[in-house]
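Close look at the chain arrangement
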Amino acid sequence: MKKIILLLSAFSLTFLAEAQIAMPAPSPTFELKGTIGLAEVNVVYSRPSARGREVAGNLIPYNEVWRTGANASTKITFSKDVKLNGNPVPAGEYALYTQFSEETATIILSKNLSWWGAMGYDPKDDLLRFDVPVKHPSSMYETFTISFSDFTMNSANLNMKWEHTKAMFTIESEVDKYVMADIESQVIDATPTNAGVYFQAAGYYYDTERDSKLALEWVNKAIEGNPQKQYWVVHLKAKLLARMGMNKEAQAAAKESMELAKEGGNPDYVRLNEKLIESLK
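Notes on the structure follow. (Residues numbered from 1 in each chain as written. Predicted model: local features only at pLDDT ≥ 70, side-chain atom pairs only at ≥ 80, totals over all residues. Heavy atoms only, no water.)

**Some remarks on the nonpolar core**
By size, the foremost hydrophobic cluster in this structure holds 36 residues, and its most contacted members are I76, F78, L84, L109, L158, F169 and I171. Once you skip the residues sitting within four places of it in the chain, I76 turns out to touch V41, N42, V43, G92, E93, Y94, L96, L109 and L158. Ranked by size, the runner-up nonpolar core spans 34 residues in total, among them L240, A250, A254 and A261. (Core = buried A, V, L, I, M, F, W, Y, C linked by side-chain atoms within 4.5 Å. Buried < 20%, exposed > 50% of the residue type's maximum accessible area, 1.4 Å probe, protein only. Contact = heavy atoms within 4.5 Å.)

**Here we look at the packing of helix α3 (residues 195-207) against helix α4 (residues 212-224)**
Relative orientation and spacing of two packed helices are given, respectively, by the angle between their axes and the distance between those axes. Running from N to C, α3 and α4 cross one another at 155°; their axes reach a closest spacing of 8 Å. Looking at the two axes, α3 sits roughly antiparallel to α4. Along this stretch, α3 crosses α4, giving a crossing that reads as left-handed. Of the residues in α4, those in contact with A195, Y198, F199, A201, A202 and Y205 of α3 are L214, A215, W218, V219, K221 and A222. For the contact of α3 with α4, the class distribution of residues is eleven nonpolar, no polar and one charged. (Axes fitted to C-alpha atoms, helices over the stretch in contact; angles between N-to-C directions. Helix = DSSP H or I, 4+ residues; strand = E, 2+ residues; numbered from the N terminus. Parallel < 35°, antiparallel > 145°, perpendicular 65-115°, else oblique. Left-handed = near helix turned anticlockwise from the far one by under 90°. Nonpolar A, V, L, I, M, F, W, Y, C, P; charged D, E, K, R; others polar.)

**A look at the pairing of strand β1 (residues 29-36)**
Pairing between β1 and strand β2 (residues 39-46): eight bridges, direction antiparallel. Following the sheet pairing, I36 is matched in β2 by A39. Hairpin remark: β1 followed by β2, antiparallel, with two residues in the connecting loop; positive phi at G37, about 65°. (Pairing = 2+ DSSP bridges.)

**Re the packing of aromatic side chains**
Across all of its chains, the model carries twelve aromatic pairs by this definition. Relative to W162, the ring of F144 has its centre 5.9 Å away and its plane inclined at 55°; by these criteria the two rings are tilted. Highlighted residues: F144 in strand β12 (residues 141-149) and W162 in strand β13 (residues 155-163), separated in sequence by 18 residues. Through successive ring pairs, a cluster of aromatic residues spans Y45, W66, F100, F144 and W162. The side chain of K80 reaches across the aromatic face of Y178, ending 5.5 Å from its centre. Sitting over the face of the ring of Y206, R243 holds its NZ or CZ atom 3.9 Å from the ring centroid. (Phe/Tyr/Trp six-rings, centres within 6.5 Å; stacked < 30°, edge-to-face > 60°. Lys NZ or Arg CZ within 6 Å of the ring centre and 35° of its normal.)

**With respect to the environment of S139**
Its location among the elements puts S139 in the loop between β11 (126-135) and β12. Setting aside residues up to four positions removed in sequence, S139 forms contacts with E163 and H164.

**A short note on the packing of α4 against helix α5 (residues 231-243)**
At a closest axis distance of 10 Å, the pairing of α4 and α5 adopts a crossing angle of 160°. Between α4 and α5, the angle is such that the two are roughly antiparallel. Considering how the two elements wind past one another, α4 and α5 form a crossing that is left-handed. Facing α4, whose interface residues are S212, A215, L216, V219, N220, A222 and I223, α5 presents V233, V234, L236, K237, L240, L241 and R243. In terms of residue class, the contact of α4 with α5 is built from ten nonpolar, two polar and two charged.

**A look at the pattern of salt bridges**
Within the structure shown, the criterion is met by eight salt bridges. Among the salt bridges present, the one from R129 reaches D126, with a minimum N-O distance of 2.8 Å. Note on D126: relative accessible area 16%, which makes it buried. Of the charged contacts, one joins D268 and R271 as a salt bridge, the two residues approaching to 2.5 Å between their closest N and O atoms. Placement of both D268 and R271 in helix α7 (residues 267-279) is noted, with a separation of three residues, approximately one turn of the helix. Given a relative accessible area of 46%, D268 falls into the partly exposed group. Exposure remark for R271: the relative accessible area of 48% places this residue in the partly exposed category. (Salt bridge = Lys/Arg side-chain N within 4 Å of Asp/Glu carboxyl O.)

Rendered as structure tokens:
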């Protein structure tokens, strides 16, 4: 009899475990990925919606540690060392908590990834805390949203927006020392077999306003190393010549790049060259 009861109990539990209705989550989980500088940044968070409820001071509690979303605490991962608003953060995964007031948000990175939401949160697990201003935009965000914006070569902003509340901080990744180390080892101290490496090095020197004469040497090697001229490479040559004050030569290179772009069916580069030629008149 006991065996029968145990079998029936096991059957009932199995039935209940399997007999579930598939329904959409009220706060669905999203994953945000992006490359900032040379660092891969990954954010996993649940996105609650207002649904007529008051957000500021309620769904986003004031002066309390918040999970920065719904359900489990928001997780943020960096593939390389970064800086958050100038504060160094080692590569790794962290729980992203926040503590809002009407005018200020405290950004908290916790090393403890195990807590559900903010229950059990302990400041002793903090890796970092810093404050950012809170803005109250007129635009309405029904659903809590985390996004990246304002990308530069080595940084971007992470934005947290819900209803009329917004806070953001800057993520910065070290770029220059790694790129310059590659340029030194592959271009300065060696002869690359791929002509495109010369183009990359010249482009980086142009973007960072380094030695234009050396960059021009490299872009010429990039042109010589390809059986067919490429309009984007010739356009870089035109920009370098213009920066060096060699306007006549720059115009000639821009016109050549423009004709190559027309042949290649790229109207964007046609316009870029037209703009460059106009600026040199």
